[in-house]
Amino acid sequence: MTDSPFKKDVLQIVKNIPKGEWISYGDVALLAQHPRAARAISAILKSTNEPIPWHRVVNKQGQVSIKDPELRREQIKRLRDEGLTLTDSGQIVHVPLSH
DNA sequence: GCCATGGCTAGTA
DNA sequence: GCCATGGCTAGTA
């Protein structure tokens, strides 16, 4: 099965998310020229075997939204390892720079 | 094909 | 409401 152009675009976009940053499913959809396909983004990330930084994609509120407990923990861990601050419930916390 | 299932979201009778 | 995926069923080759 060959990936659709849309799916390939999505994978490419996710690959390009810089380390330590995050983006929402909806914004990935926008960048892929499918503004209403936010929900499909999660399906694509879940289905691919490609080694991409899927953990940098979270919902619009900046919270990890994966339901599977193990994957959820994995995502939180990866984001923390990249320097982000997350509450144990998976909410990304904006940490103001101290002067 | 059909249909249920989401790691979603804009917009709100 | 949106839309790709995945499991499952007809119904053909």
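Residues numbered from 1 in each chain as written. Chains lettered and ligands numbered in written order. Predicted model: local features only at pLDDT ≥ 70, side-chain atom pairs only at ≥ 80, totals over all residues. Heavy atoms only, no water.

- Looking at an unreviewed UniProt entry, one finds chain A named O(6)-alkylguanine repair protein YbaZ and attributed to Streptohalobacillus salinus.

A short note on the protein's contact with DNA strand C
Here's step 1: Surveying the vicinity of DNA strand C reveals the residues Phe6, Lys7, Arg36, Ala37, Arg39, Ala40, Ile44 and Ser47.
Here's step 2: One nitrogen or oxygen atom from the side chain of Lys7 is found 3.4 Å from a phosphate oxygen belonging to DNA strand C.
Here's step 3: If you list the elements that add at least two residues to the surface near DNA strand C, you get helix H1 (5-15) and helix H3 (38-47).
Here's step 4: With four residues, H3 is the largest single contributor of residues to the surface near DNA strand C.
Here's step 5: When the residues that make up the surface near DNA strand C are grouped by side-chain class, the tally is four nonpolar, one polar and three charged. (Near = heavy atom within 4 Å. Polar contact = N/O pair within 3.5 Å; in protein donor to acceptor, adjacent residues only side chain to side chain. Helix = DSSP H or I, 4+ residues; strand = E, 2+ residues; numbered from the N terminus. Nonpolar A, V, L, I, M, F, W, Y, C, P; charged D, E, K, R; others polar.)

Here we look at the nonpolar core
It is characteristic of soluble globular proteins that their nonpolar side chains tend to be buried jointly.
Here's step 1: Ranked by size, the top nonpolar core spans 19 residues in total, and within it Phe6, Val10, Val14, Val28, Ile41, Leu45 and Val57 carry the most contacts.
Here's step 2: Of all elements in the fold, only H1, helix H2 (25-31) and H3 reach the threshold of two or more residues within this core.
Here's step 3: Take this core: its biggest share by element is five residues, from H1.
Here's step 4: Setting aside its immediate chain neighbours within four residues, Val10 contacts Val28, Ala32, Ile41 and Ile44.
Here's step 5: Ranked by size, the runner-up nonpolar core spans seven residues in total, among them Val58, Ile76, Leu86 and Ile92. (Core = buried A, V, L, I, M, F, W, Y, C linked by side-chain atoms within 4.5 Å. Buried < 20%, exposed > 50% of the residue type's maximum accessible area, 1.4 Å probe, protein only. Contact = heavy atoms within 4.5 Å.)

Digging into the environment of Ser89
Here's step 1: Inspection of the secondary structure puts Ser89 in the loop between strand S3 (85-86) and strand S4 (92-93).
Here's step 2: With 56 residues separating them in the primary sequence, Ser89 and Gln33 have C-alpha atoms 31 Å apart.
Here's step 3: A distance of 2.9 Å separates a polar atom in the side chain of Ser89 from a polar atom in the side chain of Thr87.

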